Amino acid sequence: MQKYFDAHCHLQNTSRVADVMARAADAGVCGAICNGTTPADWADVLGIARNVPGVYSAIGVHPWYVQNTVSDWATRMREILTDCPDIMVGEIGLDKYRPAPELQENIFIDCLDMAAEFSRPAFIHCVGAWNRVLQILKSRRNRLPRAMVAHAFAGSVDIMRTLADGYDFYFSYSPMIMDGRRGRLIDTVRQTPMSRILIESDDADPTKVISVARRVAEIKSVDLDEVADTIYKNTTEILK
Ligand SMILES: [Zn+2]
């Protein structure tokens, strides 16, 4: 049976994580990376990583929630990263269609810098703001996280190439790629180097990555076994 890894999920949104992961493992999804979104869910996310086999976790402030975050979020995040060497950084980023762009940017930069300082991978949510993210990456060339994941990536081939050639970026594809109307996105998937592809549910049900892997195999005209193997390996590379 193929082995799959969900590179970005939100298991804090289900009360039955152990069941969900057991069912996922039966279907072949042996691992998942659970992303926090605000200090209010960090305790859940940390608990899940501690108690459920196969789950790894990241904590961050999601751009949608920057306005509700507590003022001492950075101190708390720093404490957790200091105490827990396996905890990564995410979900962080910029979203053009959500309020408080300046605050989004300040918090994103602080989180990115913390990921670099603690040498943790970072999981990035970016909607409509890749050019700004690129400027930020460029300004911190020598102090960037050791691996970065563009979660639910839907950018252009050009952005993908710039990120893949210039930075240690992985591209995590979500069930969005199942939508046949997204021609530009399908083209980006086709051009993404296999060694840089991850798959994700972006949900509380990691089994969803299996159909995403099938779709990647179809788009790239590569055997599913090979796609599953490579993606699994890519994900464990990030977790090293
Ligand atoms: Zn997410």
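Before reading further, recall that the structure is shown in the block above.
Residues numbered from 1 in each chain as written. Predicted model: local features only at pLDDT ≥ 70, side-chain atom pairs only at ≥ 80, totals over all residues.

*Asks:* If you had to explain the overall build of the protein chain to someone new, which residues and values would you point to?
*Replies:* Check the secondary structure of the protein chain and you find nine helices and eight strands. Computed over C-alpha atoms, the radius of gyration of the protein chain comes to 17 Å, within 12% of the 18 Å expected from 2.2 N^0.38 for 240 residues, which places it in the range of a compact globule. Principal axes of the C-alpha set define a box for the protein chain whose edges measure 50 × 40 × 30 Å. Counting across all 240 residues of the protein chain, residues that qualify as buried make up 45%. In the protein chain, the share of contacts with a sequence separation of at least 24, taken over all contacts with a separation of at least 6, comes to 73%. (Helix = DSSP H or I, 4+ residues; strand = E, 2+ residues; numbered from the N terminus. Rg over C-alpha atoms; globule rule 2.2 N^0.38 Å. Buried ≥ 20, exposed ≤ 12 C-beta atoms within 10 Å, placed from the backbone. Contact = placed C-beta atoms within 7 Å.)

*Asks:* Outline the sheet that holds strand 6 (residues 148–150), listing residues and values.
*Replies:* With respect to topology, eight strands assemble into an open sheet ordered 1-2-3-4-5-6-7-8, the strand pairing being parallel. Of all the strands in the sheet, the pair left with one neighbour each is strand 1 (4–9) and strand 8 (197–199). Direction aside, neighbouring strands of the sheet carry axes that sit 30° apart on average. (Pairing = 2+ DSSP bridges. Axes fitted to C-alpha atoms, helices over the stretch in contact; angles between N-to-C directions.)

*Asks:* Would you mind going over helix 6 (residues 157–166) in detail, with residue names and values included?
*Replies:* For helix 6, the complete set of buried residues consists of Ile159, Met160 and Leu163. Considered in projection along helix 6, the buried side chains sweep an arc of 100° and stay on one side of the axis. For helix 6, exposure combined with an orientation more than 90 degrees from the buried face picks out Asp158, Asp165 and Gly166. Check the buried side of helix 6 and you find it contacts helix 5 (130–139), strand 6, strand 7 (169–173) and helix 7 (183–191). (Arc of directions from axis to C-beta.)

None of this, on its own, says anything about what the molecule does.
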